[in-house]
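Structure at a glance
Read off the chains here:
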Amino acid sequence: MATLIDPVLVPPPDVPEVYDALVEMKKLLDGAVMRMTSRYDESGAWRRNGSDSAEDDVAKKTGSTKTAARRRVQTSKRLRKQPKTDRAVRNGELSEDQTEEVSSAAAASPEDEDELLATAKAKPLPVLRRKAAESRAKGEDSEARARRLFKARCMRRFLDHEGMANLLLKLPPERMAEIDAILARLIDREYAD
């Protein structure tokens, strides 16, 4: 299918129209995959493929991480209970990232679903992420939020495509403040050297 369109052969005046059409098709296809993922999980086909879980199999099939596949499975399941967001996905109005943000926030704060959808359609993804975080926080009490943040903490070390060592650290804000204080001294010393 990739050979059907050779970008070099698209006349310059037609490039914006072709590009927009491809983006629209991508959203429609990504939405269809998103919506089908929960059915794929339920089918148990991942067992026949020798995977340990649907997330493992989805990650292999989509070329993504297990974490991304887990989010996709969870979002797909939530969409069944979110007809407005599901309709927007079905109509190709949301990217996969937008769908995950809107769906997870609407699950925590259903009354915000319309506003989240409007934000997704009109604003850049970072704005939607902030709005979604506000909606998720609004939908839970402080103890539940503290438990959720504690449960979501993680640390991952990896080498990026340039061979640089990276550290991903997700902690509740008060714990991150402790780490920041230690890191600040190390960073200051590294820059001084």
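When helices and strands are counted, the protein chain shows 10 helices and 2 strands. For the protein chain, the α and β elements follow one another from N to C terminus as α-α-α-α-α-α-α-α-α-β-β-α. Against the globule reference of 16 Å for 193 residues, the protein chain gives a C-alpha radius of gyration of 20 Å, more extended than a compact globule. Sorting the 193 residues of the protein chain into buried and exposed places 29% on the buried side. Counting only contacts in the protein chain whose residues sit at least 6 apart along the sequence, the fraction spanning at least 24 positions is 47%.

Another aspect to go through is the side chain of Glu100. Checked against the element boundaries, Glu100 lands in helix α6 (residues 96–108). Overall, Glu100 belongs to the buried group, its relative accessible area being 10%. Filtering out sequence-adjacent residues up to four positions away, Glu100 remains in contact with Met34, Ala68, Arg71, Arg72, Thr75 and Arg78.

Turning to the environment of Asp97, a few remarks are in order. Among the secondary structure elements, Asp97 is positioned in helix α6. For Asp97, a relative accessible area of 38% gives the class partly exposed. Contacts of Asp97, omitting those with residues within four sequence positions, involve Leu125 and Arg129.

This next bit is on the packing of helix α7 (residues 113–122) against helix α8 (residues 125–138). Pairs of packed helices are described in terms of their axes, by the angle between the two and the distance that separates them. At a minimum axis distance of 9 Å, the contact between α7 and α8 shows a crossing angle of 165°. Taken as axis vectors, α7 and α8 run roughly antiparallel relative to one another. Between α7 and α8 the crossing geometry is left-handed. For the pair α7 and α8, contact is made by Glu115, Leu116, Thr119 and Ala120 and by Val127, Leu128, Lys131, Ala132 and Ser135, respectively. Across the contact of α7 with α8, the residue classes break down as 5 nonpolar, 2 polar and 2 charged.

On to the side chain of Glu113. Along the polypeptide, Glu113 turns up in helix α7. As a buried residue without a salt bridge, Glu113 has its nearest oppositely charged side chain in Lys84, at a separation of 5.5 Å. Polar side-chain contacts of Glu113 include one of 2.5 Å to the side chain of Thr85. Setting aside chain neighbours within four positions, we find Glu113 in contact with Gln82, Lys84, Thr85 and Ala106.

Little of strand β1 (residues 154–159) sits inside the fold, with 0 of its 6 residues counted as buried. In textbook terms, the turn of a hairpin is the stretch between consecutive antiparallel strands, and for β1 and strand β2 (residues 165–170) this stretch comprises 5 residues, one of which, Gly163, has a positive phi near 85°.

With that settled, the discussion passes to the pattern of salt bridges. Under the criterion given, the structure shown has 16 salt bridges. Notably, a salt bridge pairs Arg39 with Glu42, separated by 3.5 Å at the nearest N-O pair. With a gap of 3 residues between them, Arg39 and Glu42 both fall in helix α1 (residues 15–43), about one helical turn apart. Given a relative accessible area of 53%, Arg39 falls into the exposed group. Residue classification places Glu42 among the partly exposed residues on the basis of a relative accessible area of 43%.

Rules used in this analysis
Residues numbered from 1 in each chain as written. Predicted model: local features only at pLDDT ≥ 70, side-chain atom pairs only at ≥ 80, totals over all residues. Heavy atoms only, no water. Helix = DSSP H or I, 4+ residues; strand = E, 2+ residues; numbered from the N terminus. Rg over C-alpha atoms; globule rule 2.2 N^0.38 Å. Buried < 20%, exposed > 50% of the residue type's maximum accessible area, 1.4 Å probe, protein only. Contact = heavy atoms within 4.5 Å. Axes fitted to C-alpha atoms, helices over the stretch in contact; angles between N-to-C directions. Parallel < 35°, antiparallel > 145°, perpendicular 65-115°, else oblique. Left-handed = near helix turned anticlockwise from the far one by under 90°. Nonpolar A, V, L, I, M, F, W, Y, C, P; charged D, E, K, R; others polar. Lys, Arg positive; Asp, Glu negative; His and termini not counted. Salt bridge = Lys/Arg side-chain N within 4 Å of Asp/Glu carboxyl O. Polar contact = N/O pair within 3.5 Å; in protein donor to acceptor, adjacent residues only side chain to side chain. Pairing = 2+ DSSP bridges.

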